[in-house]
Amino acid sequence: MSMEYILKDLNPVQKEAVTTTEGPLLIIAGAGSGKTRVLTRRVAYILGQRLAAPQNLLAVTFTNKAAGEMKDRINALLGQNIFSLTVATFHSFCARLLRQEAEQIGYSKNYVIFDEDDALAMVRNCVDQVGLSRNQFTPASLRRKISGLKNKMIDAETYAAKASGYFDTRTAQVYTMYERRLKECQAMDFDDLIYRAVQLLEGSEPVRAKYQERFKYILVDEYQDTNHSQYRLLRHLVGPHMNICVVGDEDQSIYGWRGADITNILNFEHDFPGARIIKMEQNYRSTQNILEAASAVIANNIDRKGKTLWTEAESGDRLRLLITGTALDESNTVIDEIQRRLAECPLKETVILYRTNAQSRAFEDVLRRRIVPYQIIGGVSFYQRKEIKDLVAYLKLLANPKDDISFQRIINYPRRGLGDSSIEKLFALAQATGKSLYEVGAEAGAIPELTSRANKTIAKFVEMMQAFRVKKETLNIADLTQQLIDELNLVNHLLEEDPLTGESRVENIEEFVAAAREFVAASPEPNLENFLAEISLYTDIDNFKETEDKLTLMTLHSAKGLEFDTVFLVGLEEGLFPLGRAIEQPKELEEERRLFYVGATRARKHLYLSMADERNRFGEGSSIPSRFLKELPPALVEVMDTRRYGRNGTAAIDQGGLGKAEAHKEDGGPHYEYEDEEAIRPGRIVAHPTFGRGKVMKAEGSGENLRLEIYFTGVGLKKVMAKFAKLKVVG
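Everything numeric in this text was worked out from a predicted model, so none of it was measured. (Residues numbered from 1 in each chain as written. Predicted model: local features only at pLDDT ≥ 70, side-chain atom pairs only at ≥ 80, totals over all residues. Heavy atoms only, no water.)

### Describing the overall build of the chain
And step 1. When helices and strands are tallied, the chain shows 29 helices and 21 strands.
And step 2. Its C-alpha atoms give the chain a radius of gyration of 29 Å, within 12% of the compact-globule value 27 Å for 731 residues.
And step 3. Over its C-alpha atoms, taken along the principal directions, the chain stretches across nearly 85 × 70 × 55 Å.
And step 4. Counting only residues that meet the buried cut, the chain has 54% of its 731 residues in that class.
And step 5. Contacts in the chain between residues far apart in sequence, at least 24 positions, make up 74% of those at least 6 positions apart.
And step 6. Of the roughly 31,900 Å² of accessible surface on the chain, 48% is carried by carbon and sulfur atoms.
And step 7. Side chains of the chain carry 97 positive and 104 negative charges; the gap between the two charge centres is 3 Å. (Helix = DSSP H or I, 4+ residues; strand = E, 2+ residues; numbered from the N terminus. Rg over C-alpha atoms; globule rule 2.2 N^0.38 Å. Buried < 20%, exposed > 50% of the residue type's maximum accessible area, 1.4 Å probe, protein only. Contact = heavy atoms within 4.5 Å. Areas by Shrake-Rupley, 256 points an atom, 1.4 Å probe, with all protein chains shown as cover. Lys, Arg positive; Asp, Glu negative; His and termini not counted. Charge placed at Lys NZ, Arg CZ, Asp CG, Glu CD.)

### Some remarks on the packing of aromatic side chains
And step 1. Summed over the entire model, instances satisfying the criterion amount to 17 aromatic pairs.
And step 2. Taken together, Phe-93, Tyr-211 and Phe-215 form an aromatic cluster joined through their ring pairs.
And step 3. Its end group placed over the ring of Tyr-111, Arg-99 keeps NZ or CZ at 4.0 Å from the ring centre.
And step 4. The residue whose ring lies beneath Arg-235 is Phe-272, and the NZ or CZ to ring-centre distance is 4.8 Å. (Phe/Tyr/Trp six-rings, centres within 6.5 Å; stacked < 30°, edge-to-face > 60°. Lys NZ or Arg CZ within 6 Å of the ring centre and 35° of its normal.)

### Quick word on the pattern of salt bridges
And step 1. Under the criterion given, the structure shown has 57 salt bridges.
And step 2. Close ionic contact of Asp-128 with Arg-134 constitutes a salt bridge, the shortest N to O distance being 2.5 Å.
And step 3. A relative accessible area of 39% places Arg-134 in the partly exposed class.
And step 4. Between Lys-719 and Glu-709 there is a salt bridge; the shortest N-O distance is 3.9 Å. On the criterion of sequence distance, the pair formed by Lys-719 in strand E20 (residues 716–721) and Glu-709 in strand E19 (residues 707–712) is long-range, its members being ten residues apart.
And step 5. Several salt bridges share partner residues, and in doing so they unite Glu-116, Arg-143, Lys-150, Glu-179, Asp-189, Asp-191, Asp-192 and Arg-196 into one network. (Salt bridge = Lys/Arg side-chain N within 4 Å of Asp/Glu carboxyl O.)

### Regarding empty space enclosed by the protein
And step 1. This structure, assessed with the given rule, holds three cavities of 30 Å³ or more.
And step 2. By volume, the largest cavity amounts to about 40 Å³.
And step 3. What lines the largest cavity is Arg-99, Asn-110, Tyr-111, Val-112, Ile-113, Lys-396, Ala-399, Glu-529, Leu-532, Ala-533 and Ser-536.
And step 4. Residue assignment for the lining of the largest cavity shows that the elements contributing at least two residues are strand E4 (112–114), helix H18 (386–399) and helix H26 (528–536).
And step 5. It is H26 that provides the largest number of residues to the lining of the largest cavity, a total of four residues.
And step 6. Looking at the lining of the largest cavity residue by residue, the classes come out as six nonpolar, two polar and three charged. (1 Å grid on protein atoms, 1.4 Å probe; cavity = no way out; pocket = protein on both sides within 12 Å on 5 of 7 lines; lining within 4 Å. Points joined across faces, edges and corners; volume = space filled by probe spheres on them. Nonpolar A, V, L, I, M, F, W, Y, C, P; charged D, E, K, R; others polar.)

### Looking at helix H2 (residues 12–19)
And step 1. Taken as a whole, H2 has its buried residues at Gln-14, Ala-17 and Val-18. Within H2, the buried residues cover an arc of 100° as seen down the axis, which keeps them to one side.
And step 2. Buried residues along H2 sit against strand E1 (25–29), helix H3 (35–48) and strand E8 (276–280). (Arc of directions from axis to C-beta.)

### Quick word on the side chain of His-557
And step 1. Along the chain, His-557 falls in the loop between strand E12 (551–555) and strand E13 (564–569).
And step 2. Each residue touching His-557, except ones within four places of it in the same chain, is listed here: Ile-254, Tyr-255, Trp-257, Arg-355 and Leu-595.

### A closer look at a nonpolar patch on the surface
And step 1. On the surface, a nonpolar cluster with roughly 330 Å² of combined accessible area is contributed by Met-697, Tyr-711 and Leu-717.
And step 2. Looking at the secondary structure, you find Leu-717 in strand E20. (Patch = residues over 30% accessible without salt bridge, like charges linked within 9 Å, V, L, I, M, F, W, Y side chains within 5 Å.)

### So, the domain arrangement of the chain
And step 1. With domains assigned, the chain is organised as domain 1 (3–102 + 194–280), domain 2 (112–185), domain 3 (294–381 + 544–644), domain 4 (401–522) and domain 5 (684–729).
And step 2. Computed over C-alpha atoms, the centres of domain 1 and domain 2 are 32 Å apart.
And step 3. Listed per partner, the contact involves ten residues of domain 1 and ten residues of domain 2.
And step 4. The contact between domain 1 and domain 2 buries some 770 Å² in all, and 57% of this surface belongs to carbon and sulfur atoms.
And step 5. Counting across the domain 1 and domain 2 interface gives one salt bridge.
And step 6. The interface formed by domain 1 and domain 2 includes two residue pairs in polar contact (both at pLDDT 80 or more).
And step 7. Counting residues per element, the side of domain 1 that touches domain 2 draws most heavily on helix H10 (residues 190–203), at four residues.
And step 8. Broken down by class, the residue content of the side of domain 1 that touches domain 2 amounts to three nonpolar, four polar and three charged. (Domains from an automatic or database assignment. Buried area = accessible area lost by both parts, 1.4 Å probe. Polar contact = N/O pair within 3.5 Å; in protein donor to acceptor, adjacent residues only side chain to side chain.)

### Concerning the nonpolar core
And step 1. Formed by 69 residues in total, the largest nonpolar core has its most connected members in Phe-93, Tyr-111, Leu-193, Ile-218, Val-220, Tyr-223 and Ile-244.
And step 2. Ranked by the residues each element gives to this core, the list is headed by H10, at seven residues.
And step 3. By size, the runner-up hydrophobic cluster in this structure holds 51 residues, among which are Leu-450, Leu-494, Ala-515 and Phe-519. (Core = buried A, V, L, I, M, F, W, Y, C linked by side-chain atoms within 4.5 Å.)

### Let's talk about the packing of H18 against H26
And step 1. Running from amino to carboxyl end, H18 crosses H26 at an angle of 140°, the nearest separation of the two axes being 10 Å. On the basis of their axis angle, the class for H18 and H26 is oblique. Where H18 crosses over H26, the two elements pack in a sense that is left-handed. Judged by residue contacts, Val-392, Leu-395, Lys-396, Leu-398 and Ala-399 of H18 engage Leu-528, Glu-529, Leu-532, Ile-535 and Ser-536 from H26.
And step 2. Across the contact of H18 with H26, the residue classes break down as seven nonpolar, one polar and two charged. (Axes fitted to C-alpha atoms, helices over the stretch in contact; angles between N-to-C directions. Parallel < 35°, antiparallel > 145°, perpendicular 65-115°, else oblique. Left-handed = near helix turned anticlockwise from the far one by under 90°.)

### So, the sheet that holds strand E18 (residues 692–700)
And step 1. Read across the sheet, five strands follow the order E20-E19-E18-E17-E21 without closing on themselves; strand pairing throughout is antiparallel. The open sheet is flanked by E20 and strand E21 (728–729), the only strands paired with a single partner.
And step 2. As judged from the two bridges shared by strand E17 (residues 685–688) and E21, these two strands associate in the antiparallel manner. Paired with Val-686 across the strands is Val-729, a residue of E21. (Pairing = 2+ DSSP bridges.)

### Comments concerning the packing of H3 against helix H4 (residues 64–78)
And step 1. Packing of H3 against H4 brings their axes to within 9 Å, and their N-to-C directions diverge by 50°. Classified by the angle between their axes, H3 and H4 sit oblique to one another. Remark: the crossing between H3 and H4 carries right-handed chirality. Facing Thr-36, Arg-37, Leu-39, Thr-40, Arg-41, Val-43, Ala-44 and Leu-47 of H3, the residues of H4 in contact are Met-70, Arg-73, Ile-74, Leu-77 and Leu-78.
And step 2. Here the residues of the contact of H3 with H4 are counted per class, giving eight nonpolar, two polar and three charged.

### Some remarks on H3
And step 1. The end-to-end C-alpha distance of H3 is 19 Å, a good match for the 20 Å that 14 residues give at a rise of 1.5 Å each.
And step 2. Listed in full, the buried residues belonging to H3 are Lys-35, Val-38, Leu-39, Thr-40, Arg-41, Arg-42, Val-43, Ala-44, Tyr-45, Ile-46 and Leu-47.
And step 3. Once H3 ends, the next one or two residues include Arg-50, with phi positive near 60°. (Expected span 1.5 Å × (residues − 1).)

### Notes on unusual backbone geometry
And step 1. With an omega of -10°, the peptide bond running from Tyr-413 to Pro-414 counts as cis.
And step 2. With respect to the secondary-structure elements, Pro-414 resides in the loop between helix H19 (404–410) and helix H20 (420–433).
And step 3. Cis geometry is found at the peptide bond from Phe-577 to Pro-578, where omega equals 10°.
And step 4. Tracing the backbone through its elements, the reader meets Pro-578 in the loop between E13 and helix H27 (586–600).
And step 5. We note that Met-242 has phi near 60°; this positive angle belongs to a residue other than glycine.

Okay, structure coming up:
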């Protein structure tokens, strides 16, 4: 492959990013600036110039979809499939590394990966064993706590040594037991994959040197989304050559809530002295108006390196702000607009983006009534469906008999007539003897604590599993799975269990077998352990189908990396977007603003924004327009007010923002003029310079004659005149 072909169609900045191969490099890639093209061309360039062999290059990203697309593009560029090239997510790369090196940290190479449900079940068991109340120490919150600690590389022993107070001490007990039980089950949770890989690299100089020697060049996509453990991993993989290239955009760092650390990208030059910085600012996706609007909002953030996005595209349409009466009105208005524009913008090129999953319900109701095809990204993913998780649990137990969580899930599924008491006795016996449930089950037939019937049932189960453990050594995964399904009579069981949903659940089982066959055909090492690792790391966004003519609904977080001709960014109200908890936390508020920026820059041609004047969230009524609306340049926004006369109150948009924007009257729908006083009405939270915060209970009059009754915390009910009170609306 000629270098001329690899560098073809790159602009000067992109070409510089591709050909700057030596030493640390930070590529600031603005939204729509062609970062995937640069990453793939850079890999092809390094290989084409023979600077490294394929096995000496590592490229990591965050989703299987992105990794797959990157590898496909590289193979297409080079005209061949390069199996020895490592393009993977952080988790899948670490899973592979640990398959090779797990024994050095006391794990079997056949360890299993617990998904979130498995990990939560284990935490639940640990809470019970420690003797804590699940109401006081909820397993879900403890699981999040443990996850956060691992992402910060804080082990159970360190946390326990520093724990003080009842809650931290008991949390430390659960964390310690959770780690012990994982080890006994020869299992790792998602966080462990990176956490254990870092521990391995830090604790073994020979292993660290081995991988530093292997990977001459390291490329990292979406660097702004890395957390502390991922940062530590990269630091240990980079050898003396320091050939690390990271691509990212601090303005698109939106995962702080799950541990992402924006300072990783902000401090890159400090962490890697001598680093070069290349800014890719030419946008190939959006119109000039969309770029200017998004840039104006993100400019209000402080934690950023700064960039000026530009495009050769035309100005395009102005943004359209839909102001509606209620959440139901909002969903109807948005769907009306989508259907009105179907001729010029098909459903598959349109997306509705929302801040919280709960917002989808109102849109789904309207779409179902109108029989509009749609897909939701962020719902129950294929591999999280019960029938699939049950089948996967069988395969996990075949791969690793020490997996107690999988054993518990399937010992009585399909139903074998075992009672809860028998399973509890089996679990207690395993705990007392230090054996796995499978090992104890293998002794069934001679367990005095169990009834004769229970002994026989468990013995028969273990006998079946042993037979399939032998089969797995000779059968491919797809055939093994199909024979297991037949042995369990799973198809008939699903159809009998629920005739209404049985057929679709059987289709899911068949689809799973098809996925296994695809894996056998495509993988260089198609064994059971690798198959389980791949499906354990599957994410819902990997199931996104751009080819189907369906309207897409998804959260803003799920939309990262995607693009559509038309984007509807809905629910732009204070307390919803930005979320209420972020309003008084500067760093969280900046992340909310970055989330708006990400949503806006998904749009190629048309960007719609919407808000509801009234939305019943947590018992609240009237809404305040999002501050992000006020940060938009008024000349770039066309306001479409679809509310009706007679509505109590209107959305007050600050006169410094959209109050000056041109308003568009919909046929049959009047236009409201915005007055500052109208923002203050019953239900609003206000701040008074003397009385502090209070809730407006009653309002009479208007304009200069507006009289309010406000209940102030610690003060009580007060009557004030709005024009003299110097009130500030805060919620």
